[in-house]
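# Observations on chain architecture
This is what each chain is made of:
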Amino acid sequence: MALADSVPGVSGGTIAFILGFYDDFIDSLNSIISGKRLDRIKAFKFISKIGIGWTVGFILSAIFITSIFENNIYEINSLFLGFIIASIPLIVKSERKNLKINKMNLLYLLIGMIIVIAITYFNPITSSGSSLSVRIDNLNLLLIVYIFISGMIAISAMVLPGISGSTMLLIFGLYTPMLNAINQVIKFKFEYLPGFIIFGFGILVGLFVTVRTVRSLLRKFRGQTMYCIIGLMIGSIYAVIMAPKSLEIPMPPLSIDTFKFVFFAIGCILVPTLEKVKATLKSKDSNVVNKCSI
């Protein structure tokens, strides 16, 4: 999940969805926020198992990705496109009972696409080709609010089985700046710490606000919500194509000439591989249960 959350493309929620524990993940987050004492204890045990691995994985991936992202932007973005495109049919397959085709549901698909494309096109970073830094000497009231709101939206995306929080940061032009800030804080360069803390508060507020909403939507309007999620994923293809413009030194968007097919193919292969891992684990669990019952 951490590896997925740290790169624009597939969210950690998608990984949880593909591996079959997404509903438990959302229910546990909701129980920690507003559940009864026994439910909170049970949820905390479940979340802590994921949380420890997620924290370690995210720190390691942030260090690794920061060092290669700008130098290999077109290879990485081709990989991200593979992640996104391969994930869509898996989600459609898993949710085929809920994805009833009608004009209203297709409208939710269109809304999801428009949201991501509009944010990408009109945000001041990718539209102007300028870049920003979250160093303390660059912070002002407008940037502080922008970082805070971006953190809220990013965590909202991370808990959805679709567009990743990193993709949302990419859309808002904060992906590279926040990865760089995390990397610098790890190296004890604390001029980036205030921006990181502001982002962290945005994540906490976003988590409290959105988890219950997402849980409610998935329970009451799962089909419509999944159509919107798929629309977000389709729209995120445009965000990934435009990603090079958000670098500290802006580069041209991904094009046919800079597209790397080998990396795209790797991304397309990795996601179905996770699906097969899920099926294998389920098969082993079933065999164990059958043996115990015998």
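The coordinates are above.
This section reports on the structure supplied with the text. (Residues numbered from 1 in each chain as written. Predicted model: local features only at pLDDT ≥ 70, side-chain atom pairs only at ≥ 80, totals over all residues. Heavy atoms only, no water.)

## As for the overall build of the chain
The helix and strand tally for the chain stands at 13 helices and zero strands. Helices (α) and strands (β) of the chain occur, in sequence order from the N terminus, as α-α-α-α-α-α-α-α-α-α-α-α-α. Expressed as a percentage of its 294 residues, the buried residues of the chain come to 45%. When contacts within the chain are restricted to residue pairs at least 6 apart in sequence, long-range pairs at least 24 apart make up 78% of them. Carbon and sulfur atoms form 70% of the exposed surface of the chain, whose accessible area is close to 15,100 Å². (Helix = DSSP H or I, 4+ residues; strand = E, 2+ residues; numbered from the N terminus. Buried < 20%, exposed > 50% of the residue type's maximum accessible area, 1.4 Å probe, protein only. Contact = heavy atoms within 4.5 Å. Areas by Shrake-Rupley, 256 points an atom, 1.4 Å probe, with all protein chains shown as cover.)

## Observations regarding a nonpolar patch on the surface
Taken together, the side chains of Met-104, Leu-107, Leu-110, Ile-111, Ile-114 and Ile-115 present a nonpolar region at the surface, about 510 Å² in accessible area. Position of Ile-115 relative to the elements: it lies in helix α6 (residues 103-122). (Patch = residues over 30% accessible without salt bridge, like charges linked within 9 Å, V, L, I, M, F, W, Y side chains within 5 Å. Salt bridge = Lys/Arg side-chain N within 4 Å of Asp/Glu carboxyl O.)

## What to know about the nonpolar core
Tyr-22, Phe-25, Val-134, Ile-147 and Met-226 are the most contacted members of the largest nonpolar core, which totals 58 residues. The biggest single contributor to this core is helix α5 (residues 73-94), with twelve residues. Among residues more than four places away in sequence, those in contact with Phe-25 are Met-1, Phe-46, Ile-47, Ile-50 and Val-159. In this structure, Val-116, Ile-171, Leu-232 and Ala-239 belong to the second largest nonpolar core, which totals seven residues. (Core = buried A, V, L, I, M, F, W, Y, C linked by side-chain atoms within 4.5 Å.)

## Digging into the pattern of salt bridges
On inspection of all chains with the given rule, the structure shows three salt bridges. Between Arg-222 and Asp-23 there is a salt bridge, with the nearest N and O atoms lying 3.7 Å from each other. With a gap of 199 residues between them, Arg-222 in helix α12 (residues 222-242) and Asp-23 in helix α3 (residues 22-34) connect regions that are remote in the sequence. Given the relative accessible area of 17%, Arg-222 is considered buried. Residue Asp-23 is classed as partly exposed on the basis of its relative accessible area of 41%. Residue Glu-95 is joined to Arg-222 by a salt bridge in which the shortest nitrogen-to-oxygen separation is 3.0 Å.

## Things to note about the layout of surface pockets
Its boundaries defined by the atoms lining it, the largest pocket holds a volume of some 950 Å³. Around the largest pocket, the lining is made up of 34 residues, and of these Trp-54, Thr-55, Ile-155, Met-158 and Ile-203 lie nearest the centre. Elements that contribute at least two residues to the lining of the largest pocket include exactly α3, α4 (37-69), α8 (141-158), α9 (165-171), α10 (175-186) and α11 (193-220). Per-element tally for the lining of the largest pocket: the top contributor is α4, with nine residues. Its residues placed into classes, the lining of the largest pocket shows 27 nonpolar, six polar and one charged. (1 Å grid on protein atoms, 1.4 Å probe; cavity = no way out; pocket = protein on both sides within 12 Å on 5 of 7 lines; lining within 4 Å. Points joined across faces, edges and corners; volume = space filled by probe spheres on them. Nonpolar A, V, L, I, M, F, W, Y, C, P; charged D, E, K, R; others polar.)

## Considering the environment of Leu-139
Note on placement: Leu-139 falls in the loop between α7 (124-128) and α8. Expressed as a C-alpha distance, the spacing of Leu-139 and Tyr-192, which sit 53 residues apart in the sequence, is 10.0 Å.

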